[in-house]
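Understanding the architecture of this molecule
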Amino acid sequence: MRIDRYLANMGCGSRSEVKRLIKSGLVTINDQTVRNESFQIHPGFDIVVCWGAEVAYRKHIYLMLNKPAGVVSATRDSRERTVLDLLDQKYLNKGIFPVGRLDKDTEGLLILTNNGDLGHQLLAPKKKVPKKYFAKVSGPIGLEEIESFRKGIVLDDGYQTRPAQLEVVDCGAECEVIVIIEEGKYHQIKRMFQALGKKVLYLKRLAMGELSIDPSLRIGDYRELTLEEIDLIEKPLLN
Ligand code: URA
């Protein structure tokens, strides 16, 4: 692979920015300064250093987005803004897609990656990856609703959900709850509450598997996952 393409793919800048870095002598390959932007390297074998820091080879990109309400979890849409519209140019045209869907009005953790296999596995029903949500719900929630969630709920289309966890955080005029589900049917949480005569007023995903949303990530912001976080989502899928 050309060195300029490698650096751009690893997020060191746009193609023209990395060409400037190379021409300025700021890039070494196996300790040799390389000023030729078309120099061929072997990703994963050659040691590439830019501005004094190693640019390790990463095959895939993994992002954690704190999804805002008002954007759709899709890669393109003819009418709506998508989660990809929130990303920097350098992440575009890299095959990145959102892992699963949050509704347009749902906030919180959305993983974006170009690792199709990982995305597929995280969503595979047999992997039973738990998804944890915070919700505000109309009306009182008590032991009866907790028990209904525990048993699984029959949705409007007759589908019987798997057992789910419901925990009450605070109850006043509306209730704040934590819900954990292991599947991802269309509007699942809203429809589970609807089946009990309740309405979801606000919904935010807090975690997917072992990966929790970074509390310092403001709504609409995103960042790359750390290596530890990538392990957190990948390891449980190996079984
Ligand atoms: N359940 C819903 O109803 N909506 C979401 O966005 C996610 C889970």
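Looking only at helices and strands, the chain features six helices and 13 strands. Seen along its three principal axes, the alpha-carbon backbone of the chain occupies a region of about 70 × 40 × 30 Å. Counting across all 239 residues of the chain, residues that qualify as buried make up 43%. Once local pairs closer than 6 in sequence are excluded, the contacts in the chain between residues at least 24 apart make up 62%.

A few words on the sheet that holds strand 1 (residues 27-29). An order of 2-1-3-4 is seen for the four strands of this open sheet, with the pairing classed as antiparallel. Since the sheet does not close on itself, it has two edges, and those belong to strand 2 (32-33) and strand 4 (53-54), each with one partner. Sheet analysis places strand 1 next to strand 3 (residues 48-50), joined by three bridges and oriented antiparallel. The residue bridging Val 27 from the neighbouring strand is Cys 50, located in strand 3.

Split into domains, the chain comes out as domain 1 (3-54), domain 2 (62-125 + 213-238) and domain 3 (130-208). Taken together, the contact pairs 16 residues of domain 2 with eleven residues of domain 3. Here domain 2 and domain 3 share an interface that buries about 1100 Å² over both sides, 47% of which is from carbon and sulfur atoms. Looking only at domain 2, the three residues that lose the most surface to domain 3 are Asp 103, Glu 107 and Leu 109, adding up to 38% of its buried area. For the pair domain 2 and domain 3, the interface holds two salt bridges. Breaking the side of domain 2 that touches domain 3 down by element, the ones donating at least two residues are strand 7 (107-113) and helix 3 (116-123). Of the residues forming the side of domain 2 that touches domain 3, the biggest block, five residues, is contributed by strand 7. Here the side of domain 2 that touches domain 3 is composed, by residue class, of ten nonpolar, three polar and three charged.

Within the structure, the ligand sits among Leu 102, Asp 103, Thr 106, Tyr 133, His 187, Gln 188, Ile 189, Lys 190 and Leu 203. The separation between a nitrogen atom of the ligand and a polar main-chain atom of Ile 189 is 3.1 Å. Burial of the ligand by the protein chains amounts to 96% of its free accessible area of 240 Å². Considering every element that reaches the shell around the ligand, the biggest residue donor is helix 5 (residues 188-195), with three residues. Split by residue class, the shell around the ligand holds four nonpolar, three polar and two charged. Here the shell around the ligand spans two domains, and each of domain 2 (62-125 + 213-238) and domain 3 (130-208) adds at least three residues to it.

When a protein is soluble and globular, its nonpolar side chains tend to lie buried together. Formed by 30 residues in total, the largest nonpolar core has its most connected members in Ile 96, Leu 112, Phe 149, Val 177, Val 179, Ile 189 and Phe 193. Put simply, the parts of the chain that give this core at least two residues each are strand 5 (62-67), strand 7, strand 8 (131-138), strand 10 (174-181), helix 5 and strand 11 (200-208). Both domain 2 (62-125 + 213-238) and domain 3 (130-208) contribute no fewer than three residues apiece to this core. If we skip the residues at most four places from it in the chain, Ile 96 touches Ile 61, Leu 63, Thr 75, Leu 84, Leu 87, Tyr 91, Leu 112, Thr 113 and Asn 114. Grouped together as the second largest cluster of nonpolar side chains are 16 residues, Met 64, Leu 118, Leu 211 and Ile 230 included.

Here helix 2 (residues 15-23) has its buried residues at Val 18, Leu 21 and Ile 22. Buried residues in helix 2, looked at end-on, bunch into an arc of 100°, giving them a common side. Helix 2 presents Arg 20 and Lys 23 as exposed residues on the side facing more than 90 degrees away from its buried surface. In the core, the buried residues of helix 2 are packed alongside helix 1 (3-9), strand 1 and strand 3. Where helix 2 terminates, the next one or two residues include Gly 25, which has phi positive at roughly 80°.

This brings us to unusual backbone geometry. Even without being glycine, Asn 30 reaches a positive phi, approximately 50°. Inspection of the secondary structure assignment puts Asn 30 in the loop between strand 1 and strand 2. We classify Asn 30 as partly exposed; its relative accessible area is 37%. Phi at Trp 51 is positive, roughly 55°, even though this residue is not glycine. By secondary structure assignment, the location of Trp 51 is in the loop between strand 3 and strand 4.

Calculation rules
Residues numbered from 1 in each chain as written. Predicted model: local features only at pLDDT ≥ 70, side-chain atom pairs only at ≥ 80, totals over all residues. Heavy atoms only, no water. Helix = DSSP H or I, 4+ residues; strand = E, 2+ residues; numbered from the N terminus. Buried < 20%, exposed > 50% of the residue type's maximum accessible area, 1.4 Å probe, protein only. Contact = heavy atoms within 4.5 Å. Pairing = 2+ DSSP bridges. Domains from an automatic or database assignment. Buried area = accessible area lost by both parts, 1.4 Å probe. Salt bridge = Lys/Arg side-chain N within 4 Å of Asp/Glu carboxyl O. Nonpolar A, V, L, I, M, F, W, Y, C, P; charged D, E, K, R; others polar. Near = heavy atom within 4 Å. Polar contact = N/O pair within 3.5 Å; in protein donor to acceptor, adjacent residues only side chain to side chain. Areas by Shrake-Rupley, 256 points an atom, 1.4 Å probe, with all protein chains shown as cover. Core = buried A, V, L, I, M, F, W, Y, C linked by side-chain atoms within 4.5 Å. Arc of directions from axis to C-beta.

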